[in-house]
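Structural characterization, general
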Amino acid sequence: MHPILADPRKLALYLAAWIPLVLLLAGVLASTGDFTWIQAGELMVPLGGIYAFVCLSAWYLCRFLPLRTSAIFYLLVTVNAAAGVSSLIWAGAIGWAMASGLGLEPQYLRERPILFGAGFLLFDLAAAFHYALMAFETSRQAQARAMQASILAREAELRALKAQIDPHFLFNSLNSISALTASDPAKAREMCVLLSDFLRSSLKMGDRERIPLGEELALARSFLAIQHIRFGSRLEVEEEVAEGAAGCLVPPLLLQPLVENAVTHGVATRVEGSSIRIAISRAGERVAIRVENTFDKDARRGRGGVGLANVRKRLEVCYGDAASMEVREIGDRFRVDVRFPAEATGVAAQRRPEEEETK
Amino acid sequence: MNVIRAVIVDDEELARQVVHEMLLPHPEVEVVAECANGFEAVKAVAELNPDLLFLDVQMPKLDGFEVLELIGPDVAVVFLTAYDQYALRAFEVHAVDYLLKPFDAVRFDAALERAKERLGTKMPPPSELAAAARAPSQYLERIVVRDGPKVDIIPCERLDYAEAQDDYVLLRSQGKNYLKQETISNLETSLDPARFVRIHRSYIVNLERIAKIEPYTKDSRVAVLGDGTKLPVSRSGYARLKELLGEG
């Protein structure tokens, strides 16, 4: 659809811009002495009005011949030919017919070349105007697209974050705090602090590209400390972190979902509780993370899988084929192995979290 | 004053503790048992015959809905849950009392009050409630059956077929029969239609168990299972089978 014809406000503006042009043409005709001002006006107002609409057709030409991709010579020839034809029809035929109607035929024929020239020029101007308009529209659309893309990215980030903080975990933890306020206020406060620490660091991690594995481990530890208060002796945790592994850079929220998965499918499904083992090792240029838990084979899968799928996706995006993830069930043990290239522990890795905040 | 005998079921000790605490100002309610999982709950209900159950939805082994299926609709239940949009919808639809964790004394008292009014009335049919609480397009993964104090869990992939017997269904799995109080139509809607077919008014069969279909009379056929069992196939049942097996 034509951008000007489609919008009444734009059309009104466009026609308003034609008023001085029409007056100018009428003035030119009057100044030749062949027409009085009134006659020139009577002729030019309707004739100019018609040409204003004729010039809108330049848009179709412009769209057919985009500036960027068309050969400049071909473009010039076509546009000028169109200008010639429309001007010829306008000044030669329509104007003549109207002048005859007004009884101004002889004068008109004398001044027709002026009108023809003006029509030619105006059509060319209209083409230039439409090209400018199209360029403007394109850049505005590109801007809107970029904006939308950034909104979408932001939404995806929020969604990921929401998926990250399991509402079950959150509300059950709050319920534990509620229980402790009566029986053990000090413990209730401790749990409040643990939960706040956990939420704060998860929120902060979302917008960083890489974090030291040590920070990720700290997040998992605060998560497990909360779960330990909830499940008591039913939850046992074993940890084995190789020296030098904590400084390696990893995409954020890589380890935490694995640990969370181990809890929801381990201890939460087993009456007798479950033990979780986290082992992080480094062999040369590769880091290996293993999270293992005992689980109930008969338990329904339920909410599972989303966390693991997220980790897999993140690994794929960050490392491509260089990373691997393996999920295995060995008897009553559920094991996830993640391997990825060790990234140089640069300045970022040594920067302490406190400094990160003041940045 | 009539004493209301209550059982608290939750796998987290702290969660049971809250309910206990909230019951302190209500001397008319006596907590006769605390259970940390569904099995214990089923056993406690069978042995102690309580009036009221505070029942957590998410628990190991048996979840709250499965417990309800096993204990039947005669005990008043107040469900406890942290977050489960489908369960909440089911509670609303069936007007079942529930408490969202964490809760305060005001909400707890209100729920208790409603539960008291309902003492003696029946709960909605447990299997219907459980079906309503499943996420859309999620099917039953296992069936729980109670035989006296014993609870059996039948994973759906191990179910051979189900046969209607009055108000019960007979479930055949790994050479054993189980009886469950449920209508066959209700069971049919809970099972994955891609794996289980209603081949007859009285029979649902696990597709994987069918070895062959043989003609029986002019209008009917029999399905022969891998272990030689023969089940009648009605005309409409045969049409369903054919559709599922893609003209097999």
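Our structure is the block above this text.
Residues numbered from 1 in each chain as written. Chains lettered and ligands numbered in written order. Predicted model: local features only at pLDDT ≥ 70, side-chain atom pairs only at ≥ 80, totals over all residues.

Moving on, we get to the overall build of chain B. Along its length, chain B carries eight helices and 15 strands. Residues classed as buried in chain B amount to 42% of the 248 residues present. In chain B, the proportion of contacts linking residues at least 24 apart, taken out of those at least 6 apart, comes to 55%. (Helix = DSSP H or I, 4+ residues; strand = E, 2+ residues; numbered from the N terminus. Buried ≥ 20, exposed ≤ 12 C-beta atoms within 10 Å, placed from the backbone. Contact = placed C-beta atoms within 7 Å.)

This part covers the overall build of chain A. For chain A, the helix and strand inventory stands at twelve helices and seven strands. Buried positions account for 30% of the 359 residues belonging to chain A. Of the contacts made within chain A by residues no fewer than 6 positions apart, 73% connect residues no fewer than 24 positions apart.

With that settled, the discussion passes to the interface of chain A and chain B. On the side of chain B, 19 residues touch chain A, which itself brings 23 residues to the contact. Elements that contribute at least two residues to the side of chain A that touches chain B include exactly α6 (167-183) and α8 (213-231) of chain A. Here the side of chain A that touches chain B gets twelve residues from one element, more than from any other, and that element is α6 of chain A. Residue classes in the side of chain A that touches chain B are distributed as ten nonpolar, eight polar and five charged. (Nonpolar A, V, L, I, M, F, W, Y, C, P; charged D, E, K, R; others polar.)

On to the nonpolar core, then. With 111 residues, the main nonpolar core has V259 of chain A together with V205 of chain B as its most contacted residues. The biggest single contributor to this core is α8 of chain A, with nine residues. What V205 of chain B contacts, discounting residues up to four positions off in sequence, is Y161, F196, V197, I199, I210, A223 and L231 of chain B. Among the nonpolar cores identified, the runner-up in size contains 27 residues, and C55, A58, W90 and L115 of chain A belong to it. (Core = buried A, V, L, I, M, F, W, Y, C linked by C-beta atoms within 7 Å.)

Turning next to the sheet that holds strand β10 (residues 176-181) of chain B. Sheets are built from strands paired through backbone hydrogen bonds, the pairs being either parallel or antiparallel. Residue and element names in this part refer to chain B. Read across the open sheet, the five strands follow the order β10-β9-β8-β12-β11; overall the sheet is antiparallel. Two strands lie at the open edges of the sheet, namely β10 and β11 (196-200), each paired on one side alone. Across this sheet, the average inter-strand angle for adjacent strands is 20 degrees, counted without regard to direction. (Pairing = 2+ DSSP bridges. Axes fitted to C-alpha atoms, helices over the stretch in contact; angles between N-to-C directions.)

Residues and elements named next belong to chain A. Taking 1.5 Å of rise per residue, the 19 residues of α8 would be expected to cover 27 Å, and the 26 Å separating its terminal C-alpha atoms lies within 8% of that figure. For α8, the buried fraction is high: 14 of the 19 residues fall into the buried class. The first or second residue beyond α8 is G232, which carries a positive phi of 60 degrees. (Expected span 1.5 Å × (residues − 1).)

It is worth spelling out the pairing of strand β5 (residues 97-100) of chain B at this point. All names here are of chain B. Relative to β5, strand β4 (residues 76-81) is paired through four bridges, and the arrangement is parallel. The residue bridging F79 from the neighbouring strand is Y98, located in β5. With helix α4 (residues 85-93) bridging β4 and its parallel neighbour β5, the resulting β-α-β unit is right-handed. (Right-handed = clockwise from strand over helix to strand, strands pointing away.)

Residues and elements named next belong to chain B. In terms of residue burial, strand β3 (residues 52-56) counts as a mostly covered element, since five of its five residues are buried. Side chains L52, F54 and D56 project from β3 onto one buried face, and the interleaved L53 and L55 project onto a second face that is buried too. As judged from the five bridges shared by β3 and β4, these two strands associate in the parallel manner. Considered in β4, the bridge of L53 is made with V77. With helix α3 (residues 64-71) bridging β3 and its parallel neighbour β4, the resulting β-α-β unit is right-handed.

Our focus in this paragraph is the sheet that holds strand β15 (residues 230-233) of chain B. All names here are of chain B. Spatially, the three strands line up as an open sheet ordered β13-β14-β15, and their pairing is antiparallel. The outermost strands of the open sheet, each flanked by one partner alone, are β13 (210-215) and β15. The sheet shows a mean angle of 30 degrees between the axes of neighbouring strands, direction not considered. Of the strand pairs in this sheet, strand β14 (residues 221-225) and β15 are connected by four bridges, and their pairing is antiparallel.

Now for helix α2 (residues 37-56) of chain A. Given 3.6 residues per helical turn, the α-helix brings residues three or four places apart onto the same face. Residue and element names in this part refer to chain A. The terminal C-alpha atoms of α2 lie 28 Å apart, and with 20 residues this matches the ideal 28 Å at 1.5 Å per residue to within 8%. Approximately 30 degrees is the largest bend angle found in α2, and it occurs at M44, with the proline P46 only one to four residues beyond. Where α2 is concerned, the buried positions are A40, L43, M44, L47, G48, Y51 and C55. (Bend = angle between axes of the 7 residues up to and from the residue.)

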